[in-house]
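Architecture and fold: a report
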Amino acid sequence: MRILGLDIGSRTVDAVWLHDGVIADAAVADSGFDPASVAAAFVQRGQHDAIVATGYGRHVAREAFGASIVTEIRAYALGAHALFPDAASVLDIGGQDTKVISLARGGKVSDFEMNDKCAAGTGKFLEVMARALGFTLGEMAAAAATADAGVQVSSMCTVFAESEVTGLVHRGVDRGRIARGLHESITRRTLSALKRVGAAGPLVFAGGVACNPAMVALISDGFSGEVLVPAETQIVGAYGAALSAD
Amino acid sequence: MTDTAAPDYHQMWSELGLDLPMHDALLEAVGGMYGSTFMSQSNRPEGMGYLDFVMSEVHGLRIKELHDFRKSGGKVVGTYCLYVPEELIRAAGAWSVGICAGAEWAYDEVEQILPRNTCALIKSMMGFKLGKVCPYLEEADLLIGETTCDGKKKAYEELGKLQNLHVMELPQMKRPKDVAFWRSELVDLIAKLEELTGNKVTAESLSASIKEVNDKRRALQRIAAARKASPAPISGLDSLLAVQVAFYDDVPRFTQSMNALADELEKRVADGVGVAPKDAPRVLITGTPMALPNWKLHQIVENAGGVVVGEEMCTGSRYYEKLVSEDATTLDEMLDDLAAKYLDINCACFTPNTGRIDDVIRMAKDLNADGVIDYALSFCGTYQIEGAGVAKAVQAAELPVLRIETDYSAEDVGQLSTRVEAFLEMVK
């Protein structure tokens, strides 16, 4: 059986081709302004017998490709469990949402939480802050990792935080320290969400923001248990979606 | 809802002083919502045809009935909360209508009076008045408020500047002295109603209205009981609508129609007919009231493949579960019974309010719920605080629980849908 797992997110569309339970191929593409067309390109490869979609574009995929659907919560739980059978919890920081999932035996979801109205502290937040600091995402993460200390950034609202960051830059505060402060504030917010769902270690940290070494280091320092990062952080949802077909 | 075949009510609405263009816009929006929310459901009971008709005439025929009743000397009393005893209003010969507060309306005007961080229900209540789009409000000769939370209590001061309003003080504890106090509030209400209508509340008239309103609640109890079956014979949306309409519809007619619906549901249960597959996750919702036309959460749950089998809320079991004793023969005894029944409702405005948690657990078990959703409107402090205790108790009963805080806007529907879908995947 060949399953195409699609994770249609706000920033990227991720695909995993699962052939008889084994990952045969995987791909990540920018969502752009028309994520459905990006997903359609993966579908047109024709290397599948069935499709399972997750992510905020899952309902569109159901209409367009007749895909089955599964939520990101279940998909990440299944994907993380398959990659790390001992995992007790999952953290996914994606383009515009953050999910924390506490796992029961067998990769079942026992509790979860996600941001509701606001995309504070997500990948998009980091992108906006990098632009305000005149960094690429990679440069910002590197600067945050090497800064000796973080500067407190009090606002978590993307719009207000951007003004705050601009103000700090104008006052001559070191950009690396600001970058570190931003990463620290996301970490505090994330750790308290993990605490609320009773997340235990080992924790699988996935999603686009898990590509950011400064975030991984800060979460690993702050979390009480072990933190595991998959080799390819962005395809965990697509992998889990494909696995849900079995 | 402005069906071309329906009579034109603009003359009547104009006499009531409604803002006609805005009111047309409201009716169009609610009509559209009703169509996409209710009419798209599959395998609905035929008996829902009555509620479809009532909703299609929500600002038409029903208002005309109130209009004609008032022209013949009758009085209409508007209420906002189930603690205001409809029995007393009817015993004084007046008609009771629950005033809607379930949609975002005229918030720009509301926020000149109330803080932005006020719960959606209170803002909506003020918005319908300030926006001049609610014919029920304009038909009301008297409004009755109640001190069920600080927000409402203070908002009534503002509403009272615009319309004839009487506020009942609901105690916040349930000791014998609180019941006695609440009884004295009922006595004051009778005086107010007698002054308004010129009629006397007598043992005879009150006994008749107690029976009549009990019959309405009994009909709703039958519908609730049918929802225990699997597959569920009626959707949560349709069941919620029945209770929402119960607040303002003609009592005997509504009771008769709901009994007919219950007959049909009981037959469906016997035949194993349902509106959702047998394995659809069954959800109990508990929390703040869902005033008309707030169908947001039920729609999300049922679109995601779940079926709502009960509402532990004021637009649910709290409205119909308890009856007033029909044994009393004197007015004094009836007032004792009324005071006792109404103070036995478990609203989060009371302290302590452990009875509500018992109700949630009992209902979850009775209804074979697979999970419980705790629903709170933002800035409704009492329910939000109780939410943590409710969630803990549900988990202790080994049922999954999802806590949702929201308002009437559509901006969080996408995220809420994902959370609800994930919750349903979890409970399966």
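Criteria and thresholds
- Here the residue index of a chain counts from 1 through its sequence in written order.
- The lettering of chains begins at A and the numbering of ligands begins at 1, in the order of writing.
- Only residues with pLDDT of at least 70 get local features here, since the model is predicted, and only at 80 or more are side-chain atom pairs given and counted; chain-wide, interface and lining totals rely on the full set of residues.
- Helix axes are fitted only over the stretch in contact, all axes being lines through C-alpha atoms; the angle between N-to-C directions runs from 0 to 180 degrees.
- Working definition: helices are DSSP H or I runs of at least four residues, strands are E runs of at least two. Numbering for both runs from the N terminus.
- Relative orientations are named as follows: roughly parallel for angles under 35 degrees, roughly antiparallel for angles over 145 degrees, roughly perpendicular for angles from 65 to 115 degrees, and oblique for any other angle.
- We call two residues in contact when their backbone-placed C-beta atoms lie within 7 Å.
- Following the grouping adopted for this structure description, the nonpolar residues are Ala, Val, Leu, Ile, Met, Phe, Trp, Tyr, Cys and Pro, the charged ones are Asp, Glu, Lys and Arg, and the polar ones are all others, Gly among them.
- Residues with at least 20 neighbouring C-beta atoms inside 10 Å of their own are called buried, those with 12 or fewer are called exposed, and the rest are partly exposed, where every C-beta is derived from the backbone.
- Segment limits for the domains were obtained from an automatic or database-derived domain assignment.
- Two strands make a pair as long as DSSP finds a minimum of two bridges between them.

**A short note on the packing of helix H5 (residues 137-146) of chain A against helix H7 (residues 175-196) of chain A**
Residue and element names in this part refer to chain A. H7 packs onto H5 with a crossing angle of 90° between their chain directions and a minimal axis gap of 7 Å. Our classification of the angle between H5 and H7 gives roughly perpendicular. Across the interface between the two elements, Met 140, Ala 143, Ala 144 and Thr 146 of H5 pack against Arg 175, Gly 176, Ala 179, Arg 180 and His 183 of H7. Looking at side-chain class alone, the contact of H5 with H7 contains 4 nonpolar, 3 polar and 2 charged residues.

**Thoughts on the interface of chain B and chain A**
On the side of chain A, 11 residues touch chain B, which itself brings 11 residues to the contact. Looking at the side of chain B that touches chain A residue by residue, the classes come out as 3 nonpolar, 3 polar and 5 charged.

**Side note on unusual backbone geometry**
What is expected of a backbone is that most residues other than glycine have negative phi and most peptide bonds are trans. The step from A:Gly201 to A:Pro202 runs through a cis peptide bond, and the omega angle for that step is -10°. Residue position: A:Pro202 is located in the loop between H7 and strand S9 (203-206). Here the residue pair B:Thr351 and B:Pro352 is connected by a cis peptide bond, since its omega of -10° sits within 30 degrees of zero. Mapping B:Pro352 onto the fold places it in the loop between helix H16 (331-343) and helix H17 (354-366). Residue B:Glu398 is not a glycine yet carries a positive backbone phi of 60°. By secondary structure assignment, the location of B:Glu398 is in the loop between helix H18 (381-396) and strand S8 (401-406). The class for B:Glu398 is exposed, based on 6 C-beta atoms found within 10 Å.

**So, the domain arrangement of chain A**
All names here are of chain A. By the assigned domains, chain A splits into domain 1 (1-84 + 232-246) and domain 2 (86-229). Domain 1 and domain 2 are separated by 24 Å when their C-alpha centres are compared. On the side of domain 2, 24 residues touch domain 1, which itself brings 17 residues to the contact. Considering only residue class, the side of domain 1 that touches domain 2 consists of 8 nonpolar, 6 polar and 3 charged.

**Quick look at the sheet that holds strand S2 (residues 95-98) of chain B**
Residue and element names in this part refer to chain B. Spatially, 4 strands are ordered S2-S1-S3-S4 in an open sheet, and the strand pairing comes out parallel. Two strands lie at the open edges of the sheet, namely S2 and strand S4 (165-168), each paired on one side alone. Across the sheet, the mean angle separating the axes of adjacent strands is 25° when strand polarity is ignored. Here 3 bridges tie strand S1 (residues 76-79) to strand S3 (residues 142-146), and the two strands are oriented parallel to one another. Considered in S3, the bridge of Gly 78 is made with Leu 143.

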